[in-house]
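Chain by chain, the residues run as shown.
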Amino acid sequence: MYILFTILIVIAAILLTLLVLVQNSKGGGLAAGFASGNQVMGAPKTADFLEKASWTLAAIIVFLSILAVGMSKGQQEASADESAITEQVEQAASALPTAQEALPAATEEPSQED
């Protein structure tokens, strides 16, 4: 899941970069090409769309970044729990032969001498 969020963040960052490059810092940019007033997507509408799209992509990047960090910490905690459990199992397994060696001596019946 972490990899999916990372891929989505990279895609959103590329799209945001392209949107910023299309815009002109002086208000021209792509909007300057639509100078005629009778078009539906005229200059003001294009500039508004590009600005809203930029803010939306920026918010998506922030949201996905927070989710990715949450997933990363969850995976780290899970791997820490698994390693602790694995360590306990290995310790129990290494102690097991010692207990089995001691078991036959303890279960032997004492010989009865008359």
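Residues numbered from 1 in each chain as written. Predicted model: local features only at pLDDT ≥ 70, side-chain atom pairs only at ≥ 80, totals over all residues. Heavy atoms only, no water.

**Student:** Would you mind going over the overall build of the protein chain with me for this structure?
**Tutor:** A tally of helices and strands in the protein chain yields 2 helices and 0 strands. Burial analysis of the protein chain (114 residues in total) assigns 13% to the buried set. Here the contacts in the protein chain between residues at least 6 apart in sequence split such that 72% fall between residues at least 24 apart. For the protein chain, the exposed surface amounts to about 9,100 Å²; the carbon and sulfur share of it is 65%. (Helix = DSSP H or I, 4+ residues; strand = E, 2+ residues; numbered from the N terminus. Buried < 20%, exposed > 50% of the residue type's maximum accessible area, 1.4 Å probe, protein only. Contact = heavy atoms within 4.5 Å. Areas by Shrake-Rupley, 256 points an atom, 1.4 Å probe, with all protein chains shown as cover.)

**Student:** Explanation requested: the environment of methionine 71 in the structure shown.
**Tutor:** With respect to the helices, strands and loops of the structure, methionine 71 is situated in helix H2 (residues 43-107). Other than its neighbours up to four places away in sequence, methionine 71 contacts Met1, Tyr2 and Phe5.

**Student:** Before we go on, may I ask you to explain the nonpolar core in this structure?
**Tutor:** Nonpolar side chains in soluble globular proteins tend to be buried together. The biggest cluster of nonpolar side chains holds 11 residues, and these are Phe5, Ile9, Ala12, Leu16, Leu19, Leu50, Ala53, Leu57, Ile61, Leu64 and Ala68. Residue assignment for this core shows that the elements contributing at least two residues are helix H1 (2-22) and H2. Counting residues per element, this core draws most heavily on H2, which supplies 6 residues. Those residues in contact with isoleucine 9 that lie beyond four places of it in its chain are Ile61, Leu64, Ser65 and Ala68. (Core = buried A, V, L, I, M, F, W, Y, C linked by side-chain atoms within 4.5 Å.)

**Student:** Could you clarify how one ought to interpret H1 in this entry?
**Tutor:** Spacing of three or four residues puts side chains on the same side of an α-helix, whose turn is 3.6 residues. Taking 1.5 Å per residue as the helical rise, H1 with its 21 residues ought to reach 30 Å, and the 31 Å between its terminal C-alpha atoms agrees with that figure. Buried residues of H1: Phe5, Ile9, Ala12, Leu16 and Leu19, and no others. Viewed along the axis of H1, the buried residues span an arc of 90 degrees, placing them on a single side of the element. Relative to its buried face, H1 has exposed residues pointing more than 90 degrees away, namely Ile3 and Leu21. (Expected span 1.5 Å × (residues − 1). Arc of directions from axis to C-beta.)

**Student:** In this structure, what is going on with the environment of methionine 1? I would like to understand it.
**Tutor:** Following the sequence through the fold, methionine 1 ends up in the segment before H1. The spatial distance from the C-alpha of methionine 1 to the C-alpha of methionine 71 is 7.3 Å, given a sequence separation of 70 residues.

**Student:** Can you walk me through the environment of leucine 19 in this structure?
**Tutor:** For leucine 19, the location among the structural elements is in helix H1. For leucine 19, a relative accessible area of 15% translates into the label buried. A C-alpha to C-alpha distance of 8.6 Å links leucine 19 and glutamate 51, two positions 32 residues apart in sequence.

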